[in-house]
Amino acid sequence: MKLEEAKIKYINTWGSLSTHWGVNKTMAQVHALLLVSESPLSTDDIMDTLKISRGNANMNVRALIDWGIVRKELISGERKDYFTADKDIWELFKQITKERKRREIEPVIKTLEELQEIDDDSREAENFKKLMKDLSSVTTTVNGILEKAIKADEHWLFSNFTKMVKK
């Protein structure tokens, strides 16, 4: 397989897999393209490679910038905006984990805490409150694990994960 063919296969595969994680396919393809590109790409470069519209390219680049996994790069003498992705996969994992935690886990924790404050003393209400408390406990534990992963270095996380799996 030639390098360009391998890159396209990676970009398409990454885009297809992303939908299973709740990520827009095109957004994942734009990110994959920026990951495998040796130099920063313009919106035109992204559009041409992925065969997408300017609006689609711009919208997805902005979303990736909001996630903190793509950044704008200035190229002297150029009027176009260029974009690049961080190539450090460990830092990418930590940034995505941080954003998913902020966007998904923390709001759930807040809601579960609010749901425990219902004003009802019935048996059904007590069972509901217990269920919300148990869900909150598990979600808070997951949140804590994710926080440790975000703060950890690569070797610490993998060595501890390996220990957990061996038990």
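Residues numbered from 1 in each chain as written. Predicted model: local features only at pLDDT ≥ 70, side-chain atom pairs only at ≥ 80, totals over all residues. Heavy atoms only, no water.

Another point: the packing of aromatic side chains. In the structure shown here, the tally under the stated rule is 3 aromatic pairs. Geometrically, the ring pair formed by Trp 14 and Trp 21 is edge-to-face, given 5.4 Å between the ring centres and 70 degrees between the ring planes. Among the residues examined, Trp 14 registers a relative accessible area of 30% and is labelled partly exposed. Each residue in the set Tyr 10, Trp 14 and Trp 21 is aromatic and connected to the rest through ring pairs, giving one cluster. Over the ring of Trp 67 we find Arg 103, and its NZ or CZ is 4.3 Å from the ring centre. (Phe/Tyr/Trp six-rings, centres within 6.5 Å; stacked < 30°, edge-to-face > 60°. Buried < 20%, exposed > 50% of the residue type's maximum accessible area, 1.4 Å probe, protein only. Lys NZ or Arg CZ within 6 Å of the ring centre and 35° of its normal.)

The next thing to look at is the sheet that holds strand β3 (residues 82-85). Ordered in space as β1-β3-β2, the 3 strands form an open sheet in which the pairing is antiparallel. Because the sheet does not close on itself, it has two edges, and the strands there are β1 (41-42) and β2 (70-73). With 2 bridges connecting them, β1 and β3 associate as antiparallel partners. Along β3, the bridge assignment pairs Leu 41 with Phe 83. (Pairing = 2+ DSSP bridges. Helix = DSSP H or I, 4+ residues; strand = E, 2+ residues; numbered from the N terminus.)

Quick look at the environment of Asp 66 now. The topology assignment puts Asp 66 in helix α4 (residues 54-67). As for Asp 66 and Glu 99, which are separated by 33 residues in sequence, their C-alpha atoms are 9.3 Å apart. Excluding anything up to four places from it in sequence, Asp 66 contacts Glu 99 and Arg 103. (Contact = heavy atoms within 4.5 Å.)

This paragraph deals with the pattern of salt bridges. On inspection of all chains with the given rule, the structure shows 14 salt bridges. Note that Asp 44 is salt-bridged to Lys 80, the shortest N-O span being 3.2 Å. Of this pair, Asp 44 sits in helix α3 (residues 43-50) while Lys 80 sits in the loop between β2 and β3, and the two are 36 residues apart along the sequence. Among the ionic pairs, Glu 114 bridges to Lys 110, the shortest N-O distance being 3.6 Å. Residue Glu 114 and its partner Lys 110 are both found in helix α5 (residues 89-115); the two are separated by 4 residues, about one turn of the helix. Given a relative accessible area of 45%, Glu 114 falls into the partly exposed group. (Salt bridge = Lys/Arg side-chain N within 4 Å of Asp/Glu carboxyl O.)

Purely spatial values, then, with no claim about function.
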